[in-house]
Amino acid sequence: MKEALDRLRPRLMEIFTYLHAHPEISWKEVETTNYIVDLLTREGFSPQRFKNCTGLYVDIGKGNPKVGLRTDIDALWQEVDGEFRANHSCGHDGHMTMAIGALLLLKEQSQLLKGTVRVIFQPAEEKGTGALAVLEEGIIDDLDYLFGVHLRPVHELEDGTYCAALYHGASRLLEGEIIGEDAHAARPHLGVNAIEVGATIIEDLRTIHTDPMVPVSIKMTKFQAGGASGNIIPGKAAFTIDIRAQRNDVMETLALGVKRVIDSSKILHKVQIELRTVANIVAAEVDTTAQYIMEQAIVKAAGLSNLRKPVHTPGGEDFHHYAVQRPHLKSTMLGLGCGLTPGLHHPKMKFKQARLVTGVEILTNAVLGALELEP
C-alpha cells in the first residue's frame, strides 16, 4: 500500500492544488462537483450525482457489508486580503483530496475489497444542512459504517498525530425579529424601544442554567436596530443567538430556556418577537466499534506513538446528523494533526499538505478494516 501511495503522491498534490484554487460556497459547488465527476469517470468509476443538490457519491466493490466514507466539498465566504470571496479555510479541499485518494488507492488494492465502499462528496457542511439533504437521497440507509475526517489545529493535535474520534458539540443558530413601534425620542411612552427589548433578552439569557459538568455557551451575536436619525426610538430590530452544548440533551434544555426568555420578553414589553432556527447541528455520537477500527488504522499507518486520545471540541460538524438520524450506523471521524495554523476559518489558514497522504492511508485502512470486521 505504501508503494502505491508513493506513486499517487504527485497526483494527490495536483488534485489538492486545483481544489484549493477553485473554492465554491455552500449549495453552489457546481464546478467542484463537475471536476470530481470528470476525474473519477476518467479513472473508470461510475460516479452518481445527487438528484436534488450538488455533490455526488461513488461505489467501489460490490455486495455486503457496505462501508461509507464522507467528505465535505464547500468553502467559506470571507474577507481575504481586503476582498470577500470563497475561501477554503476549513480544510475541505484537503478532505476531498483524501477521499479521492482513498478511491484511487482502493482501485489499486481492489483485491482486498470484501464488500462495497461508498465515498460521499457532501455539499453545504458550513450551512449545517448538507448532511440532512444527503440523508434525503437515501444513500446512507444501507450503510453499516460511515467514516469522516477533519483537519485539526495545532492546539488540538500536534503535527503528525491522529485521533480516532472527534467529539464535536451541538450548535444551533437562531434568528429573531423584534416587531414594535417607532417613537420620537422625546416621547418614549408612545412606542416600544427594540434596543431595550434586546437588552432584556441578553440579560435573561444568563439565567438559563444547565448541568455545570457539561460545557455550554449561549449569547447574542448580532443585533441591528435604528437608522441614520438618532432622535427616533427604533421599534424594530433583528438579532441572532448562537447556542452551543457538548451534549444533545443539554442543547434541548438550552433551547427550552431561550423559548422561556423570548416568551417572557414578549409579555414584559408587550411586543411581538419572531424566532426561527436557521442552523441546527447535533453533537457527536461516536460508535465504539468504529472508533476501534479507526484506532487500528492509525496505528497501522502512523504507529502507536502517533495515536492520540479522542478530541473534544466546541466546534460543530453536520457529519454527526448521519448517526443521530440513522441509529444503526456505526460512525466516527478521524482527526488529522497537520500543523494547522493559525486556526480553522482563519483567512490565512495553512497546514502541511504532506499529511494528506497519511490521511489517505488511514482512511483506506479504516474502510478495509470495517469490511473485514463486519460479518
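Residues numbered from 1 in each chain as written. Predicted model: local features only at pLDDT ≥ 70, side-chain atom pairs only at ≥ 80, totals over all residues. Heavy atoms only, no water.

Caption draft 1: Representation of the domain arrangement of the protein chain. Per the domain assignment, the segments making up the protein chain are domain 1 (1-169 + 284-372) and domain 2 (171-281). In this structure, domain 1 and domain 2 have C-alpha centres spaced 37 Å apart. Taken together, the contacts link 14 residues of domain 1 with eight residues of domain 2. With both chains or domains summed, domain 1 and domain 2 bury close to 730 Å², and 43% of this area falls on carbon and sulfur atoms. Considering only the side of domain 1, the residues that lose the most area to domain 2 are Gly169, Pro314 and His321, jointly responsible for 41% of the buried surface there. Linking domain 1 with domain 2 are zero salt bridges, by the criterion used here. Broken down by secondary-structure element, the contributors of at least two residues to the side of domain 1 that touches domain 2 are β9 (166-168) and α8 (321-325). Along the lines of polarity and charge, the residues of the side of domain 1 that touches domain 2 split into three nonpolar, seven polar and four charged. (Domains from an automatic or database assignment. Contact = heavy atoms within 4.5 Å. Buried area = accessible area lost by both parts, 1.4 Å probe. Salt bridge = Lys/Arg side-chain N within 4 Å of Asp/Glu carboxyl O. Helix = DSSP H or I, 4+ residues; strand = E, 2+ residues; numbered from the N terminus. Nonpolar A, V, L, I, M, F, W, Y, C, P; charged D, E, K, R; others polar.)

Caption draft 2: How the structure looks around the UniProt feature "domain: Peptidase M20 dimerisation" (unreviewed entry) in the protein chain. The sites that UniProt annotates as "domain: Peptidase M20 dimerisation" (unreviewed entry) are residues 177-254. Here residues 177-254 runs as 24% helix and 35% strand, with 20 Å between its end C-alpha atoms. (UniProt positions renumbered as here; feature names shortened; annotations may be inferred.)

Caption draft 3: Layout of the nonpolar core. Ranked by size, the top nonpolar core spans 61 residues in total, and within it Leu40, Phe121, Phe147, Met294 and Leu334 carry the most contacts. Looking at this core element by element, the count peaks at ten residues for helix α9 (residues 355-373). Setting aside its immediate chain neighbours within four residues, Leu40 contacts Phe45, Pro47, Leu56, Val58, Leu103 and Phe121. Ranked by size, the runner-up nonpolar core spans 26 residues in total, among them Ala194, Ala237, Ile243 and Ala245. (Core = buried A, V, L, I, M, F, W, Y, C linked by side-chain atoms within 4.5 Å. Buried < 20%, exposed > 50% of the residue type's maximum accessible area, 1.4 Å probe, protein only.)

Caption draft 4: Representation of the packing of aromatic side chains within the structure. A full pass over the atoms with the stated rule returns five aromatic pairs. Aromatic side chains Phe16 and Phe351 sit 5.7 Å apart centroid to centroid with 80° between the ring planes, which places their arrangement in the edge-to-face category. Highlighted residues: Phe16 in helix α1 (residues 2-21) and Phe351 in the loop between β18 (330-340) and α9, separated in sequence by 335 residues. The two residues Phe16 and Phe351 agree in class, both being buried. The interplanar angle of 15° and the centroid separation of 4.0 Å between the aromatic rings of Tyr18 and Tyr35 together place this pair among those described as stacked. You can see Tyr18 sitting in helix α1 and its partner Tyr35 sitting in helix α2 (residues 30-42), a full 17 residues away along the chain. One residue, Lys330, lies across the ring of Tyr145, its end atom 5.3 Å from the ring centre. (Phe/Tyr/Trp six-rings, centres within 6.5 Å; stacked < 30°, edge-to-face > 60°. Lys NZ or Arg CZ within 6 Å of the ring centre and 35° of its normal.)

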